[in-house]
Amino acid sequence: MDLMEAIKGRRSIRKYKPDPVSEGALEKVMEAVKWSPSWANTQCWEVIVVKDPNVKSQLANTLTATNPARSSMTEAALVVVLCGKKGVSGFKKGEAATVKGDWLMFDTGMAMQNLCLAAYGQGLGTVVVGMFDHKKAEEILGVPQNVEVVAMTPLGHPATEGTTPKRKDFSEFVFSNRYPKKG
Ligand SMILES: Cc1cc2nc3c(=O)[nH]c(=O)nc-3n(C[C@H](O)[C@H](O)[C@H](O)COP(=O)(O)O)c2cc1C
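Residues numbered from 1 in each chain as written. Predicted model: local features only at pLDDT ≥ 70, side-chain atom pairs only at ≥ 80, totals over all residues. Heavy atoms only, no water.

(A) The arrangement of helix α5 (residues 104–121) in detail. Here α5 is 18 residues long and its end C-alpha atoms lie 25 Å apart, about the 26 Å a rise of 1.5 Å per residue gives. Where α5 is concerned, the buried positions are L104, D107, T108, A111, M112, L115, C116, L117, A118 and A119. Where α5 is buried, its residues meet α1 (3–9), α2 (23–34), β1 (45–50), β2 (78–85), β5 (125–126) and β6 (147–156). Downstream of α5 by a residue or two, G123 has a phi angle that is positive, lying close to 80°. (Helix = DSSP H or I, 4+ residues; strand = E, 2+ residues; numbered from the N terminus. Expected span 1.5 Å × (residues − 1). Buried < 20%, exposed > 50% of the residue type's maximum accessible area, 1.4 Å probe, protein only. Contact = heavy atoms within 4.5 Å.)

(B) The side chain of T62, seen in detail. Here T62 shows up in the loop between α3 (53–60) and α4 (72–75). Aside from chain neighbours lying at most four places away, what touches T62 is F132, D133, K136, A137, I140 and M152.

(C) Inspection of the packing of α2 against α5 at higher detail. At a minimum axis distance of 8 Å, the contact between α2 and α5 shows a crossing angle of 150°. With respect to α5, the element α2 is oriented roughly antiparallel. Both α2 and α5 take part in a crossing whose hand is right-handed. Contacts between α2 and α5 involve K28, V29, A32 and V33 from the former and A111, N114, L115, A118 and A119 from the latter. Of the residues in the contact of α2 with α5, the class split is seven nonpolar, one polar and one charged. (Axes fitted to C-alpha atoms, helices over the stretch in contact; angles between N-to-C directions. Parallel < 35°, antiparallel > 145°, perpendicular 65-115°, else oblique. Left-handed = near helix turned anticlockwise from the far one by under 90°. Nonpolar A, V, L, I, M, F, W, Y, C, P; charged D, E, K, R; others polar.)

Quick look at the structure:
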């Protein structure tokens, strides 16, 4: 698949068929995470692949009833939980190297995008889920103190194509040389 076609064609999928995800497809998706860029190649990401329907259902309950991705967490064959090791990305000799502190959100974000694109390339659907009770999810999954759950996604066979939300025009976010003056 052409890269721009994949970038533009990937959609958030919130309706899934119950069909299983093949081990081969899952491996390709994990390969995409593995080859993501990261701060000084620190690779702070850790991934929990949830197949157990009971654990999926507990994770679904960490989303509010109004989160549109809630039912997809139990519908899809798998849920992939993306975690980040704290104090690794963005650190030099134990000290934060920039004013941004821990870059784990950034690195896991890049890994999640690779994951979503690779899944799309395999004909699989994803939707990044960030709005949930992270502390509860960490308890359910037994995540240790030095690691945090960042985001999760259902991973499975799409039952819909998904809708394409409008994007901003270049003029709204691409600036030349300097940030534009207001007024
Ligand atoms: C960091 C992040 C958190 C998100 N959290 C949720 C969520 O909790 N529930 C949900 O339904 N969609 C969530 N989304 C999906 C966005 O709503 C979706 O990406 C956006 O509307 C653009 O649609 P598209 O992915 O089809 O291009 C999240 C996306 C990102 C990047």
